[in-house]
Amino acid sequence: MSFYRRKEMSAITGIYHVNGERVPHEHGSRMMKELQQFPADDVQTWSKGKIFLGCHAQWITPESIGEQLPFYDLESRIAITADAIIDNREELFERLQVKHPDRKTMTDSELILRAYLKWEEDSPKFLVGDFSYMIWDEKKDKLFGARDFSGARTLYFFQDRSRFAFSTTIKPLLALPYIKNKLNEQWLAEFLAIPVNFESVDPSSTVYDDINQVPPSNSITVVNGQAKFTRYCSFGQEEKLKLKSNEEYEEAFQDVFQTAVTSRLRTHRQVGAHLSGGLDSGTVASFAARNLSYEKKKLHTFSYVPVDDFVDWTHKSRIANERTGIEATINHVGNIEANFLDFNGRSPYSEIDDWLNTLEMPYKFFENTFWLKGFYEEANKRGIGVLLNGQRGNWTISWGPVLDYYANLLKRMNLIRLYQELNSYSKRIGVAKSRIMPQVRKKAFPSIYRLLDRSEPFQFPMIINPEFAARTGVFSKLQDHGIDITASYMPSAYEVRNRQFQQLYYWNTTGTYGSKLSLRYALSDRDPTNDLRVIRFSLSVPEEQFVCNGWDRALIRRSTKDFLPDEIRLNQTTRGVQGADGVHRMVANWETFIEELHQMCKDPRVAQYLDINLLKTAILTIKDEPRPEYAFDFNFRILMRSLIVYRFIKTI
């Protein structure tokens, strides 16, 4: 077998004519033309009769420089196009018996192809990293591909009886003459009816009728015009890790997390990281900065701070400006080039059109959009190839919900341990046990407390037009999937965590914006706290390692003793809150914002989808004065969500 020896984050495209007709050259060109808006180190295509493949390449890793993608291997008669960075290279080298001289220059796409040749459709099970790829197996007349377990890279597709087309982004598919730019009303109904930040309970659907996506953790096989999905990765009850001491758990944590971080530093360019004043981003930055020091590289950190004239209105347990804590981490860790950014002049409102253009769909997470996109822009200016974050940390490395754990102790009647823990926790946070215990009882026996509570339960405002909801049957569908459309039920942290790893629709949001922003700014967005090995390790650690001796998030606090300053590592009383100055930033544009909301309420295009009467009431509540505390007010939130949908619908 012969391969080119020189992976990257890329945009990939392809067309497969199931009926055997030759793919018109113009169709492939149309798809590739839509990718020209993104920077590229190389653009290549490959076609053979009924199959066309394309790759709009951005070289991130050393091995990716000069790589040929798409690549067709004459011996195996297999072609591949890939958007991938594979992190468990050493493990794959051993499993695939790759010769040592070949390992340093071997590309990630070659590893994927070799894995397919050995394990065929089981091959994605063996890959750790961020990837989407498609393989054309000419001998078997089969198209096969996969998307990584958490959907960190997007992969959209169109299918009818005679054609299958795929792409990293949506616009190349819409450029094909047989794909319609038509709104998927079922997707929109779910988007509007679901109160939390994911879009749809169908992880394969999109906002367009004709376009679907490969769900996270799934492979796709196209044979004889039929597409089949297979879920290759799932998380169940992981076998519990049994070590002899706390120290051994700490060493095991450090080992698996260092492996995850190190594998994400593989770039010939500079390395950056999001850095707040918290445990997760601080841990990522600390491990990365230490490692980079051996390579004579600095870690470039990007930290958001509010604008200068903002007055923090949040509760004393929250910190809107985390600069002091961030500086403590920077000074303790060392080898960091810090960037504090306030993005003065930007707001959630000012960024709507740009985000809609980038995401190609409506979105809900508007609160932090102005600084999130700003980080990518600044990283691009500084030659960053890899931008680290710790987004999944709450569910992995810094897991440890103290009150939920104590509730479990109470339900199991483990009262001696509960008393010991409560006593320690009370002393650490400076709050009497008599104030903590009612919260524990409420979490332990929520159904009893709901019966005793005679107050009107909170319900998230329902912005969907009732007639539209009835026509699509959205409420019944969401109920069948266990979605609380009122957001009045407060699940335990354990329930939320289980859903995070079992329900694929939770993964799509972060994967979509991470994939598309990284493509736009020619860098790779990587999260070591979301590493498959880190997740499996975290799920295997006994609960008493995560909550013990009055410490929540205990394992990471102990494991970072030499990595983080104590004011960050041992802080249990305050937490950072980002985006608290969102409305404050909109003061100069408040009248324009309110006027656009009024225009929205008059537009018949959105009246069929949104509850206009509800929105008019919400406008009356906030229109007179842009109070800073509106940043997390439900009226403001539903109006911003509705406005984003309104702007998107106008583009259809």
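Residues numbered from 1 in each chain as written. Predicted model: local features only at pLDDT ≥ 70, side-chain atom pairs only at ≥ 80, totals over all residues. Heavy atoms only, no water.

Draft legend 1. Structural detail: the packing of helix H11 (residues 369-381) against helix H19 (residues 508-520). Running from N to C, H11 and H19 point in directions that differ by 40°, and their axes come no closer than 9 Å. Handedness of the H11/H19 crossing: right-handed. Residues Leu372, Lys373 and Tyr376 of H11 lie in contact with H19, whose contacting residues are Tyr513, Gly514, Leu517, Ser518 and Arg520. (Axes fitted to C-alpha atoms, helices over the stretch in contact; angles between N-to-C directions. Helix = DSSP H or I, 4+ residues; strand = E, 2+ residues; numbered from the N terminus. Left-handed = near helix turned anticlockwise from the far one by under 90°. Contact = heavy atoms within 4.5 Å.)

Draft legend 2. Layout of the pattern of salt bridges. Going through the model one piece at a time under the given rule, you end up with 49 salt bridges. Residue arginine 471 is joined to glutamate 185 by a salt bridge in which the shortest nitrogen-to-oxygen separation is 2.7 Å. Here glutamate 185 lies in helix H6 (residues 185-193) and arginine 471 lies in helix H16 (residues 466-472), a separation of 286 residues in the sequence. In this structure glutamate 185 comes out as partly exposed when scored by relative accessible area, which is 24%. Residues lysine 443 and aspartate 404 are paired through a salt bridge, measuring 3.6 Å at the closest nitrogen-oxygen approach. Note that lysine 443 is positioned in helix H14 (residues 433-444) and aspartate 404 in helix H12 (residues 402-411), a separation of 39 residues in sequence. Note on aspartate 404: relative accessible area 9%, which makes it buried. It is possible to trace a salt-bridge network through shared partners that takes in Asp87, Asp130, Arg264, Arg526, Asp531 and Arg533. (Salt bridge = Lys/Arg side-chain N within 4 Å of Asp/Glu carboxyl O. Buried < 20%, exposed > 50% of the residue type's maximum accessible area, 1.4 Å probe, protein only.)

Draft legend 3. Structural view of the sheet that holds strand E16 (residues 336-341). The sheet built from five strands is open, its strands ordered E16-E14-E13-E17-E18 with parallel pairing. The sheet is open, and its two borders are formed by E16 and strand E18 (524-526), each paired with just one other strand. Neighbour-to-neighbour, the strand axes of this sheet turn through a mean angle of 25°, independent of strand direction. Relative to E18, strand E17 (residues 384-388) runs parallel, the two being bridged by three bridges. Bridged to valine 386 within E18 is serine 524. (Pairing = 2+ DSSP bridges.)

Draft legend 4. Molecular detail of the environment of valine 431. By the secondary structure assignment, valine 431 is in the loop between helix H13 (415-429) and H14. Given the relative accessible area of 23%, valine 431 is considered partly exposed. The spatial distance from the C-alpha of valine 431 to the C-alpha of glycine 28 is 65 Å, given a sequence separation of 403 residues.

Draft legend 5. Looking closely at the packing of aromatic side chains. Considering all chains together, one arrives at 43 aromatic pairs under this definition. Here the aromatic rings of tyrosine 363 and phenylalanine 365 are separated by 5.5 Å at their centres, their planes lie at 50°, and the arrangement is tilted. Judged by centre distance (5.9 Å) and plane angle (65°), the ring pair of phenylalanine 593 and phenylalanine 636 falls under edge-to-face. Placement of phenylalanine 593 in helix H24 (residues 590-602) and of phenylalanine 636 in helix H27 (residues 634-649) is noted, with a sequence separation of 43 residues between them. You'll find phenylalanine 593 and phenylalanine 636 in the same group, each marked buried. Of the aromatic side chains, those joined through ring pairs into one cluster are Phe302, Tyr304, Phe343, Phe370, Trp371 and Phe375. (Phe/Tyr/Trp six-rings, centres within 6.5 Å; stacked < 30°, edge-to-face > 60°.)

Draft legend 6. Structural detail: the side chain of serine 303. Turning to its location among the elements, serine 303 is positioned in strand E14 (residues 299-304). Residue classification places serine 303 among the buried residues on the basis of a relative accessible area of 1%. Within the local environment of serine 303, its side chain forms a polar contact with the backbone oxygen of leucine 275, the two atoms lying 2.7 Å apart. Among all residues touching serine 303, those that are not within four sequence positions of it are Leu275, Ile326, Asn339, Phe340, Leu341 and Phe375. (Polar contact = N/O pair within 3.5 Å; in protein donor to acceptor, adjacent residues only side chain to side chain.)

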